[in-house]
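# Structural characterization, general
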Amino acid sequence: MGSPVTHWSVQSSNPVQYEIRACQNLLDPSNSTILEGASDRGAQRRFIVTDRVVDSLYGERIRAYFEHHGVEHRVLVLDDGETHKSMDAVLRVAEALDAFGIDRRREPVIAIGGGVLMDIVGFAASLYRRSTPFIRIPTTLIGLVDAGVGAKTGVNHNGHKNRLGTYFPADRTLLDRSFLVTLHERHISNGLAEILKMALIKDARLFDLLEHHGAHLLRTKLQSPAAMGPTPADVPVDQRLAARGLHLDPATEVVERAIQGMLEELQPNLWEKVLERVVDYGHTFSPTIEMNALPELLHGEAVAVDMALTTVLAERRGLVSAYQRERILSVMEQLGLPSWHPLCTPEVLTGALRDTVRHRDGKQRLPLPVGIGSAVFVNDVTEEELSAAAQALREHVAGVSR
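Residues numbered from 1 in each chain as written. Predicted model: local features only at pLDDT ≥ 70, side-chain atom pairs only at ≥ 80, totals over all residues. Heavy atoms only, no water.

Now for the overall build of the chain. A tally of helices and strands in the chain yields 13 helices and ten strands. The C-alpha radius of gyration of the chain comes to 22 Å, within 12% of the 21 Å expected for a compact globule of 402 residues. For the chain, the spread of C-alpha atoms along the principal axes amounts to about 75 × 60 × 40 Å. Split into buried and exposed, the 402 residues of the chain put 50% on the buried side. Taking contacts inside the chain between residues at least 6 apart in sequence as the whole, the part at least 24 apart equals 77%. Only carbon and sulfur atoms are counted for the fraction: they give 50% of the accessible area of the chain, which is about 18,800 Å². (Helix = DSSP H or I, 4+ residues; strand = E, 2+ residues; numbered from the N terminus. Rg over C-alpha atoms; globule rule 2.2 N^0.38 Å. Buried < 20%, exposed > 50% of the residue type's maximum accessible area, 1.4 Å probe, protein only. Contact = heavy atoms within 4.5 Å. Areas by Shrake-Rupley, 256 points an atom, 1.4 Å probe, with all protein chains shown as cover.)

Formed by 71 residues in total, the largest nonpolar core has its most connected members in Leu 141, Leu 192, Ile 195, Leu 196, Leu 210, Leu 222 and Phe 285. In terms of residues, this core owes the most to one element, helix 10 (residues 299-316), which gives ten residues. A domain-level breakdown of this core finds at least three residues from each of domain 1 (19-180) and domain 2 (186-228 + 272-401). Beyond its immediate chain neighbours, meaning those up to four positions away, Phe 285 contacts Asp 306, Leu 309, Thr 310, Leu 349, Ala 352, Leu 353, Leu 366 and Leu 386. (Core = buried A, V, L, I, M, F, W, Y, C linked by side-chain atoms within 4.5 Å. Domains from an automatic or database assignment.)

Let's shift gears to helix 11 (residues 322-334). Helical geometry note: an α-helix holds 3.6 residues per turn, so side chains three or four residues apart project in the same direction. For helix 11, spanning 13 residues, the distance from its first C-alpha to its last is 18 Å, which sits close to the expected 18 Å at 1.5 Å a residue. Turning to helix 11, its buried residues number three or more, namely Arg 325, Arg 327, Ile 328, Leu 329, Val 331 and Met 332. (Expected span 1.5 Å × (residues − 1).)

This is a description of form; function is not addressed.
Okay, structure coming up:
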């Protein structure tokens with residue numbers, strides 16, 4: 001613009017496409033799903049990142065899989081847990097990629113682990129040579145339904161949850177529920193919290209499933225009954241079963257509805273240009289509670305405490321009935337989730353809300369449930385209202401425990 005030119009305006013777009021696929025028995029040597037597309041993307045070399053827990057359970061099978069397929073590989077094993085979700089871990093991955101001499105485009109990094117591990121690897125992949133493709137194979141429920149389906153990466157920094165991060169979806173996410181068999185029940189509960197989140201703000205049918213089958217799903221670790229034989233792959237699974245007079249088993253329907261609901265919310269707003277996001281329900285106060293409670297609380301447990309608190313807040317505003325509040329807290333108990341934590345003090349909660357306001361561009365944009373299966377955003381929660389809701393929740397939980 002002008003003569004001489006003094007101003008340039010650049011506009012571009014970056015279309016995004018990634019795949020999420022439900023699979024079975026990924027580590028079976030006869031199953032080549034992990035290496036699909038390898039013929040034109042470097043068939044002979046792969047760099048795998050996992051954590052100590054997964055390595056102790058599946059390390060031999062992981063190495064045997066790549067050896068069976070004649071793939072040169074290296075497995076990097078990181079420390080597990082939220083306390084190790086740091087830039088140090090990201091830099092360790094980057095240094096190992098250098099040492100391996102990974103091809104930037106033809107050799108996707110493979111992350112096999114939970115949400116923490118996938119966040120670390122995704123962040124490293126987004127930074128390494130300014131973008132290196134990666135594949136996610138979640139081994140936890142929270143990885144299957146939450147961390148493994150979106151586009152965000154991140155690590156904790158300076159005492160804050162996910163303070164550093166990028167938007168960088170994996171090329172593929174491969175979901176194999178058989179990994180859940182080796183999880184401790186507490187980690188199943190941890191993932192069920194994120195499923196409950198989707199139920200409360202979006203999907204009343206999902207809530208009903210959790211209410212009626214939650215204890216069973218927890219006990220059976222969301223494993224489905226035995227497979228019913230081959231069916232045409234090009235027909236959606238629910239149509240195939242319905243045509244045979246059958247229905248999805250509760251575990252499959254719960255996982256599918258949770259993922260479908262999450263993707264419906266994420267796809268049109270993948271870069272979070274719109275900051276009013278119903279999937280932020282349970283994530284207003286929980287980041288501060290979780291980080292202050294480390295290593296006592298898992299992520300989903302902190303989210304559950306947040307949801308219990310905001311359910312009571314919604315009840316006091318007339319958005320949720322006392323009966324609905326009782327149902328919600330009862331389902332939390334069935335799922336093995338906490339509804340209270342001593343860190344729910346006025347000081348901690350108001351500090352968390354202030355930090356959230358900075359994160360959400362100067363407004364609270366706080367999602368509250370409306371009944372069960374819907375939500376509304378508010379911007380006018382006061383410190384006094386928040387303190388009163390926390391006190392009411394504490395008294396309710398104390399009364400129930402007696």
